[in-house]
Amino acid sequence: MNSTKFRMPARRWAAVTTATVLAAGPAALAGAGPVHATEEKGSAGAVVLRTGLDVSLLNKTVHAPLSLTLNEVRAPGSARKTALTASLDGVDGGKPFTVLRAEVADAQATVEGGRAESSATLAKARVHVPGLPLLGLIELEKISSKAVCEAGRTPLASATLPGSVTVLGKRVKLTSGGPSEVKVPGVGEVRLDLSKTETTSRTAAATALELKVSVDPLKLNVAEVEGTVTLAEATCEAPAPVPVPVQGVEVEPQGARAEQVAGPREEANLAETGGDSMTPYLAAGAVVLLGVGGGAVLLSRRRRS
């Protein structure tokens, strides 16, 4: 099999090589892997009880912050807590004080496979505040909240409530029309915010009940308590969408373009010397013709002699 090889002029070879390396650069970077930063993996959290209360002792000159959480969990990964009571020390004459007691108090949070989810459930529960050891701040049958955040989908938040609860000894019907307020003369007042939910493009949050408390049972000669109590809260943030990897750039079209770009430069170089790409072949042909012509003259002279 015959083969013909043409040697590329040095300048043209340099131009094509440089252009090919530049064209191959993006492909090499793409083959090395994504260049973006590590994306967020998402998160989830839940809590059965959270208090943010300020307790004034009997003389009202000493204030004790009452910050307490029960069954607070957070993920990535998977977490769950099911403790049924929450107590404090040092607010009831030095004796332990039980803030919450329940038959079910469950909080779960999971982040796995592009999905973040959390939930909180509280059932057969009774909440107390210092100063009212016998009268419950709130008694309820069952409440729950749930938040689900999945990459590429709309986050969801929901909360469920019973038809009624007992607040400071008074039975209160719960409706979706707005907050409920309970006032007990000589004891205090409680405002209940019901089923609060909020979502964004990647986050969700749900709270079954939030109580704004102002208890000042002066006639009972006990402490004053103000602040908030949150029951059954769930939150989540979806993992970031997985970006599409940058595809490699084909080298051949870029190389072909490089040759096209290098072409005019080569022609310009040849024009400077007065030749073109056919010059070597014309020179070779001239040598052959010259040899043939010389042989013909010699043969003619021999015939004449």
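Values in this document were obtained by computation on a predicted structure and should not be read as measured data. (Residues numbered from 1 in each chain as written. Predicted model: local features only at pLDDT ≥ 70, side-chain atom pairs only at ≥ 80, totals over all residues. Heavy atoms only, no water.)

Engineer: Run through unusual backbone geometry, naming residues and quoting values.
Structural biologist: Comment: phi is negative for the bulk of residues other than glycine, and the bulk of peptide bonds are trans. Positive phi values are uncommon outside glycine, yet Leu-168 reaches one of about 50 degrees. Residue placement: Leu-168 occurs in the loop between strand E10 (164-167) and strand E11 (170-173). Leu-168 sits in the buried class, given a relative accessible area of 4%. In the Ramachandran plot, Ala-232 falls in the positive-phi region, its phi being about 60 degrees despite a non-glycine side chain. Take Ala-232: its relative accessible area is 1%, and that puts it in the buried class. (Helix = DSSP H or I, 4+ residues; strand = E, 2+ residues; numbered from the N terminus. Buried < 20%, exposed > 50% of the residue type's maximum accessible area, 1.4 Å probe, protein only.)

Engineer: Explain the environment of Lys-41 to me, using residue names and the numbers behind them.
Structural biologist: Relative to the elements of secondary structure, Lys-41 occurs in the loop between helix H1 (10-31) and strand E1 (43-56). Through-space distance from the C-alpha of Lys-41 to that of Glu-237 is 8.9 Å; in sequence the pair is 196 residues apart. Here Lys-41 is in contact with Val-111 and Pro-239, once residues within four sequence places are set aside. (Contact = heavy atoms within 4.5 Å.)

Engineer: Quick one: what's the story with the pattern of salt bridges, residue by residue and with numbers?
Structural biologist: Inspection of every chain in the model, using the stated rule, returns 14 salt bridges. Across the pair Glu-141 and Lys-124 runs a salt bridge, and its minimum N-O distance is 2.8 Å. Residue Glu-141 is found in strand E8 (residues 138-150), and its partner Lys-124 is found in strand E7 (residues 115-127); the two are separated by 17 residues along the sequence. Among the residues examined, Glu-141 registers a relative accessible area of 42% and is labelled partly exposed. Its relative accessible area of 43% is what places Lys-124 among the partly exposed residues. (Salt bridge = Lys/Arg side-chain N within 4 Å of Asp/Glu carboxyl O.)

Engineer: With reference to specific residues and values, describe the confidence of the model for the protein.
Structural biologist: Mean pLDDT over the protein: 75, with 60% of residues reaching 70 or higher. Here residues 1-39 is modelled with pLDDT under 50, and outside its nearest four sequence neighbours on either side it reaches 26 contacts, counting other chains as well. Overall, residues 255-262 carries pLDDT values under 50, and its contacts beyond four positions in sequence, including any with other chains, amount to seven contacts. (pLDDT = per-residue confidence, 0-100.)

Engineer: Talk me through the state of the cysteines; I want residue IDs and the actual numbers.
Structural biologist: Scanning the model with the defined rule gives one disulfide in all. Cys-149 shares a disulfide with Cys-236; S-S distance 2.0 Å. One disulfide, between Cys-149 and Cys-236, carries an S-S torsion of 70 degrees and so falls in the right-handed class. Taken together, the residues span a long stretch of sequence, with Cys-149 in strand E8 and Cys-236 in strand E15 (residues 224-237) at a distance of 87 residues. We note that Cys-149, like Cys-236, is buried. (Disulfide = S-S within 2.5 Å.)

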